[in-house]
Amino acid sequence: MLIDTHAHLDYPDFDPDRAEIISRAAEVGVTEIISIGTKIESSTRAVELAENFPNIWATVGIHPCDADEAPDDAVARLRELAQSTRVVALGEIGLDYHHLPEDAAAIIANKQRQAELFAAQLDLAVELGLNAVIHQRDSWEDTLAILYAYTGRVRCVFHCFGGTLEQAREVIALGHLVSFTGIVTFKNARQVQATAQEVAADKFMVETDCPYLAPAPDRGKRCEPAHTRRVAEKIAELRGTRVEEIAERTTATAREFFRFSR
Ligand SMILES: [Zn+2]
Ligand SMILES: [Zn+2]
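The rules behind each value
Residues numbered from 1 in each chain as written. Chains lettered and ligands numbered in written order. Predicted model: local features only at pLDDT ≥ 70, side-chain atom pairs only at ≥ 80, totals over all residues. Heavy atoms only, no water. Donors = N, O, S within 2.8 Å, 3.2 Å for Na, K, Ca; no water. Tetrahedral: all angles 85-135°; square planar, octahedral: opposite > 155°, others 65-115°. Helix = DSSP H or I, 4+ residues; strand = E, 2+ residues; numbered from the N terminus. Contact = heavy atoms within 4.5 Å. Salt bridge = Lys/Arg side-chain N within 4 Å of Asp/Glu carboxyl O. Buried < 20%, exposed > 50% of the residue type's maximum accessible area, 1.4 Å probe, protein only. Pairing = 2+ DSSP bridges. Right-handed = clockwise from strand over helix to strand, strands pointing away. Axes fitted to C-alpha atoms, helices over the stretch in contact; angles between N-to-C directions. Phe/Tyr/Trp six-rings, centres within 6.5 Å; stacked < 30°, edge-to-face > 60°. Disulfide = S-S within 2.5 Å.

It is worth spelling out the coordination of the zinc ion (ligand 2) at this point. Protein ligation of the zinc ion (ligand 2) involves H6 (NE2), H8 (NE2), E92 (OE) and D209 (OD), the donor distances falling in the range 2.0 to 2.5 Å. Taken together, the four donor atoms coordinating the zinc ion (ligand 2) and their angles of 84 to 177° define a geometry best described as irregular. Here the zinc ion (ligand 2) and the zinc ion (ligand 1) are spaced 3.4 Å apart, linked through E92, which binds each one. Placement of E92 in strand β4 (residues 87-96) and of D209 in the loop between β8 (204-206) and α8 (228-239) is noted, with a sequence separation of 117 residues between them.

So this is what it looks like as structure tokens:
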């Protein structure tokens, strides 16, 4: 049994065959899927999916790349969505400095908006007693600086983790987790492979981030939750263990972190 802890199941990429994709995942042992919100609309759809499929859970949140377009009442609307018992975390939230506006003034304003929204959503996580799914890209120091104030109050998972073992240990020491995508199967991904090989067995989860990041040999194609198995297989190979062992540990970690049916 495996849990895809980060899927964008609501995306239009899956409109033609969503139900098939969910059963295809179950056929290879990916029995539960967490559908991640990125805006109000996608969070709403994630909650709807979770209410319609017993093996799907939802997170609600505004992705940092959507910070500028977020409505002024975003936090109030997320609070309302989180009333559903199918919501298992805030997310994905954080900072993304990879996709920034062109000119200098707009960059400053955008970074400030991202930071405000990140902190406001962490406050909401504290208020609701939920954990958080963190997206950070090229923003490591600022992300940790904001998170630091929430240590012990919100537990987080650094999703699509691509950092060094030292960076993984840094966030684990603060009570957080990391999770790995199909990137671990890419030939040039030596850094994240080394991290996945060494990180503590009970401090990581697996995910697809589908429809993005299809594992090898399907890199570049549409990814789907069934591919979680290949992520787990690669990590098992790196760690010299059996895929069943990885499945069991990561599932236990995910159940404890997301507290399904809270
Ligand atoms: Zn992300
Ligand atoms: Zn994502």
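With that settled, the discussion passes to the environment of D13. With respect to the helices and strands, D13 occurs in the loop between β1 (2-7) and α1 (18-27). The spacing of D13 and R222 is 209 residues in sequence and 7.9 Å in space, taken between C-alpha atoms. Beyond its immediate chain neighbours, meaning those up to four positions away, D13 contacts P211 and R222.

This part is about the pattern of salt bridges. Any two side chains of opposite charge can pair, given that their charged atoms come close. Applying the stated rule across the entire model yields 16 salt bridges. Residue K39 pairs with D66 through a salt bridge whose shortest N-O separation is 3.4 Å. Placement of the pair is K39 in the loop between β2 (30-36) and α2 (40-52) and D66 in the loop between β3 (56-60) and α3 (74-81), with a sequence separation of 27 residues. Put simply, R77 and D73 hold a salt bridge, and the shortest N to O gap is 3.8 Å. For R77, a relative accessible area of 35% gives the class partly exposed. Ionic contacts of the salt-bridge type, sharing partners, join the residues D218, K221 and R230 into one network.

Let us now look at the coordination of the zinc ion (ligand 1). Each pair of donors in an ideal octahedron of six around a metal sits at 90 or 180 degrees, and each pair in an ideal tetrahedron of four sits at 109.5 degrees. Here the zinc ion (ligand 1) is held by E92 (OE), H135 (ND1) and H159 (NE2), and the distances to it run 2.0 to 2.2 Å. In primary-sequence terms, the residues that donate to the zinc ion (ligand 1) follow E-x42-H-x23-H.

Bridge count between β4 and strand β5 (residues 132-137): five bridges; the pairing is parallel. Bridge pairing links D96 to R137 in β5. This β-α-β element, β4 to helix α4 (residues 104-128) to β5, shows right-handed connectivity. Two elements, β5 and strand β6 (residues 156-158), share three bridges in a ladder whose sense is parallel. Following the sheet pairing, A132 is matched in β6 by C156. Remark: the β5/helix α5 (residues 140-148)/β6 crossover connection has right-handed handedness.

Here the focus is the sheet that holds β5. Pairing is parallel in the open sheet, where eight strands are placed in the order β1-β2-β3-β4-β5-β6-β7-β8. Since the sheet does not close on itself, it has two edges, and those belong to β1 and β8, each with one partner. Taken pair by pair, the neighbouring strands of this sheet meet at an average axis angle of 30°, ignoring direction. Along the sheet, α2 contacts β2, β3 and β4; its crossing angle with β3, the most-contacted strand, is approximately 160°.

Here the focus is the packing of aromatic side chains. In this structure the tally under the stated criterion is seven aromatic pairs. Judged by centre distance (6.1 Å) and plane angle (80°), the rings of Y11 and Y212 are edge-to-face. Of this pair, Y11 sits in the loop between β1 and α1 while Y212 sits in the loop between β8 and α8; the two residues are 201 residues apart in sequence, bridging distant segments of the chain. On the basis of relative accessible area, Y11 is assigned to the buried category, the value being 14%. A residue is classified by how much of its surface remains accessible, and Y212, at 42% relative accessible area, is partly exposed. Between W140 and F158 the ring centres are 5.6 Å apart and the planes differ by 55°, which places this aromatic pair in the tilted class.

Attention now moves to the state of the cysteines. If you walk through the whole model with that rule in mind, you get zero disulfides. Here C156 is not disulfide-linked; the sulfur of C160 is the nearest cysteine sulfur, at 16 Å. Residue C156 is classed as buried on the basis of its relative accessible area of 0%. With no disulfide of its own, C160 has C223 as its nearest cysteine by sulfur position, at a separation of 11 Å. Relative accessible area serves as the criterion here: at 23%, C160 is assigned to the partly exposed category.

The subject of this paragraph is the pairing of β1. By the criterion of burial, β1 is predominantly enclosed, with six of the six residues buried. Sheet analysis places β1 next to β2, joined by four bridges and oriented parallel. When the bridges of β2 are listed, I3 appears paired with E32. Crossover connection from β1 via α1 to parallel β2: handedness right-handed.

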